Amino acid sequence: PRYYREVLPGEIVKISRHDVQTLDVVRRPEGDPSAFCIFEYVYFARPDSIFEGQMVYSVRRRCGQQLAIEAPVEADLVSTVPESATPAALGYAEKCGLPYVEVLCKNRYVGRTFIQPNMRLRQLGVAKKFGVLSDNFKGKRVVIIDDSIVRGNTISPIIKLLRESGAKEVHIRVASPPIRFPCYMGINIPTKEELIANRPEFHDLANYIGADSVVYLSVEGLVSSVQESIKARQDNSPKTQKSFSGKLGHCIACLTGDYPVELEW
């Protein structure tokens, strides 16, 4: 396969064996900024995906670098919760000058625990999902980079596993801000009450999940990491050029509660 180009917001594309045609572009209301889901960059998309002219892997790496600026820690090594947090962990390690070392081995035959329907199934999924590479971290202070902590009950078994396998300290750094609000745009984010960021436990989250410390990336840090390399793209077609003329924007409603459209009930 070969990367051709992105489909524009509101664009209707016809693909045939002869060519790729734009049939129409549904225009955004005048003055409304785009609102691309920022959680695609954080978690959902494959790292080799290209959105808005940039590769998701590169954005996640920048998030890790920004996280290292915002939340450094005295430690011996940096690792990841495989696999969507790996680029961020590499960025964090690079910025902090710490070695990146694998501490968890992923069982590739287990699906994503994020979308399991209840807490017990999610925790059982985590128990089956990872093995430990204890020789790599025994007696050492470990920084684990995660891409997100949604409910807070899948990271706890990982921390417990690392401690039981000899980790001296376990510090959690999260390469996205706390998710505080449900998504009404089609993403399976839990109800407001289920989100750990809205629960009393969040005020002492490190103790609740069994970590030595927990720090999230700021909203400003995430947005700047996503938007840093997005530049106005030029095209010979006036239609395409015009479609890029709107103000740059991303939907961060699940982080701030500021929804890009007015909600109707």
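Predicted model only: the values in this text are computed from it and were never measured.

Rules and cut-offs
Residues numbered from 1 in each chain as written. Predicted model: local features only at pLDDT ≥ 70, side-chain atom pairs only at ≥ 80, totals over all residues. Heavy atoms only, no water. Helix = DSSP H or I, 4+ residues; strand = E, 2+ residues; numbered from the N terminus. Buried < 20%, exposed > 50% of the residue type's maximum accessible area, 1.4 Å probe, protein only. Areas by Shrake-Rupley, 256 points an atom, 1.4 Å probe, with all protein chains shown as cover. Contact = heavy atoms within 4.5 Å. Expected span 1.5 Å × (residues − 1). Phe/Tyr/Trp six-rings, centres within 6.5 Å; stacked < 30°, edge-to-face > 60°. Pairing = 2+ DSSP bridges. Axes fitted to C-alpha atoms, helices over the stretch in contact; angles between N-to-C directions. Salt bridge = Lys/Arg side-chain N within 4 Å of Asp/Glu carboxyl O. Core = buried A, V, L, I, M, F, W, Y, C linked by side-chain atoms within 4.5 Å.

A. The arrangement of the overall build of the protein chain in detail. Helices and strands together make up the secondary structure of the protein chain, namely nine helices and twelve strands. Taking all 265 residues of the protein chain together, 42% fall into the buried category. For the protein chain, the accessible surface area stands at approximately 14700 Å², while carbon and sulfur atoms represent 51% of it.

B. Fine view of helix α3 (residues 86–96). Buried within α3 we find T86, P87, A88, A89, G91, Y92 and A93. Buried residues in α3 make contact with α2 (56–70), β6 (77–80), β9 (141–146) and β10 (169–174).

C. Representation of α2 in the model. Taking 1.5 Å of rise per residue, the 15 residues of α2 would be expected to cover 21 Å, and the 21 Å separating its terminal C-alpha atoms lies within 8% of that figure. Within the span of α2, buried status applies to V56, V59, R60, R62, C63, G64, L67 and A68.

D. Layout of the packing of aromatic side chains. A complete count under the given rule lists eight aromatic pairs for this structure. Taken together, a centroid distance of 4.9 Å and an interplanar angle of 50 degrees make the contact between F36 and F51 tilted. One end of the pair, F36, is in strand β3 (residues 36–37); the other, F51, is in strand β4 (residues 50–51), and 15 residues separate them in sequence. Owing to a relative accessible area of 17%, F51 belongs among the buried residues under this scheme. Three or more aromatic residues joined by ring pairs form one cluster here, namely F36, Y41 and F51.

E. Quick look at the sheet that holds β9. Pairing is parallel across the open sheet formed by four strands, whose spatial order is β6-β9-β10-β11. Looking along the sheet, the strands with just one partner apiece sit at the ends: β6 and β11 (213–216). Neighbour-to-neighbour, the strand axes of the sheet open up by a mean angle of 25 degrees, direction not taken into account. The pairing of β10 with β11 spans four bridges and is classified as parallel.

F. Layout of the pattern of salt bridges. According to the stated counting rule, one finds eight salt bridges in the structure shown. Across the pair D48 and R46 runs a salt bridge, and its minimum N-O distance is 2.5 Å. Note that D76 and R141 form a salt bridge whose closest N and O atoms lie 3.0 Å from each other. With D76 in the loop between α2 and β6 and R141 in strand β9, the pair connects residues that are 65 residues apart, well separated along the chain. Note on D76: relative accessible area 30%, which makes it partly exposed.

G. Region of the structure containing the nonpolar core. Residues L67, V78, Y92, I145, I179, L222 and L255 are the most contacted members of the largest nonpolar core, which totals 33 residues. Where this core is concerned, the elements lending two or more residues are α1 (38–44), α2, α3, β9, α7 (219–227) and α9 (253–256). Apart from residues lying up to four places away in sequence, L67 is in contact with P72, Y92, I145, R173, V174, A175, V215, Y216 and L217. Counting residues in each nonpolar core, the second largest holds 26 residues, with V142, A167, A211 and V214 among its members.

H. Expanded view of the environment of I196. Along the chain, I196 falls in the loop between β10 and α6 (205–209). Judged by relative accessible area, which is 0%, I196 ranks as buried. Between the alpha carbons of I196 and V150 there is a distance of 6.2 Å; along the sequence they are 46 residues apart. In this structure I196 touches I149, V150, R151, G152, E201, F202, L205, Y208 and Y216, once residues within four positions along its chain are discounted.

Structural measurements only, silent on function.
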